[in-house]
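Here is how the chains run, residue by residue.
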Amino acid sequence: MMVLATKRVQGERRVKLIHFGALGYGHNYSRKAKKSYLARSAQIKNKAGQLTKNDRWSANYWARKILWPANKSARGPKST
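Residues numbered from 1 in each chain as written. Predicted model: local features only at pLDDT ≥ 70, side-chain atom pairs only at ≥ 80, totals over all residues. Heavy atoms only, no water.

1. A few points about the overall build of the protein chain
The line we're drawing: Counting from the N terminus, the helices are DSSP H or I runs at least four residues long and the strands are E runs at least two residues long. Exposure classes here rest on a 1.4 Å probe applied to the protein chains alone. A residue is buried below 20% of its type maximum, exposed above 50%, and partly exposed in between.
Looking only at helices and strands, the protein chain has two helices and two strands in total. When the helices and strands of the protein chain are placed in sequence order, the string is β-β-α-α. Counting all 80 residues of the protein chain, 30% fall into the buried class.

2. Some remarks on unusual backbone geometry
The backbone phi angle of Q10 is positive, close to 55°, even though this residue is not glycine. Mapped onto the elements of the fold, Q10 is located in the loop between β1 (2–9) and β2 (12–19). Its relative accessible area of 81% is what places Q10 among the exposed residues.

3. Quick look at the pairing of β1
In regular strands, side chains alternate between the two faces of the sheet. Selection criterion: A pair of strands is labelled paired if DSSP reports no fewer than 2 bridges between them.
Judged from the eight bridges that link them, β1 and β2 form a sheet pairing that is antiparallel. By the bridge assignment for β2, V9 is matched with E12. From the end of β1 to the start of β2, which pair antiparallel, there are two residues, and Q10 there has a positive phi angle of about 55°.

4. Overview of the side chain of R64
The criterion, for reference: Charge counting follows a simple rule: Lys and Arg are positive, Asp and Glu are negative, and His as well as the terminal groups are ignored. Salt bridge, as applied in this entry: a Lys or Arg side-chain nitrogen positioned within 4 Å of an Asp or Glu carboxyl oxygen. We call two N or O atoms a polar contact when they sit within 3.5 Å, provided that within protein one can donate a hydrogen and the other can accept it, with sequence-adjacent residues counted only if both atoms are side-chain atoms. Contacts between residues were defined by any pair of non-hydrogen atoms, one from each residue, lying within 4.5 Å.
With respect to the secondary-structure elements, R64 resides in helix α2 (residues 59–67). No salt bridge forms around the buried R64; measuring N to O, its nearest opposite-charge neighbour D55 is 12 Å away. Engagement of the side chain of R64 in a polar contact is seen with the side chain of S41, the distance being 2.7 Å. Non-local contacts of R64, meaning those with residues more than four positions away in its chain, are made with Y37, L38, S41, A42, K53 and P69.

5. A look at the packing of helix α1 (residues 31–41) against α2
The condition is simple: For helices, the fitted line uses only the C-alpha atoms of the stretch in contact; every axis is such a line through C-alpha atoms, and the angle between N-to-C directions lies from 0 to 180 degrees. The labels follow the angle: roughly parallel below 35 degrees, roughly antiparallel above 145, roughly perpendicular from 65 to 115, and oblique for the rest. With the far helix as reference, a near helix turned anticlockwise by less than a right angle produces a left-handed crossing, and one turned clockwise produces a right-handed crossing. Under the grouping applied here, Gly and all other residues not named as nonpolar or charged are polar, the nonpolar ones being Ala, Val, Leu, Ile, Met, Phe, Trp, Tyr, Cys and Pro and the charged ones Asp, Glu, Lys and Arg.
With their axes 11 Å apart at the nearest point, α1 and α2 run at an angle of 155° to one another. With respect to their mutual orientation, α1 and α2 come out roughly antiparallel. Handedness of the α1/α2 crossing: left-handed. Taking contact as the criterion, the partners of Y37, L38 and S41 in α1 are, on α2, N60, A63 and R64. Grouping the constituent residues of the contact of α1 with α2 by class yields three nonpolar, two polar and one charged.

Take a look at the structure:
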């Protein structure tokens, strides 16, 4: 999957294309798997040592938001 993310940096609007997820991978949609994934991915850090779960320019942010949303059932690309 991919998303066109925007953010303002010093008053200037910047745009970045972010790819996340993987084709060909199935997902385990159980509540236990989702809870486990969200706990693991909440600790992912970038090279600067900052958490990526709230960074709109990280693939982790978009995977958590779109593929594994906290208040909805998990979804994502189906394996083919």
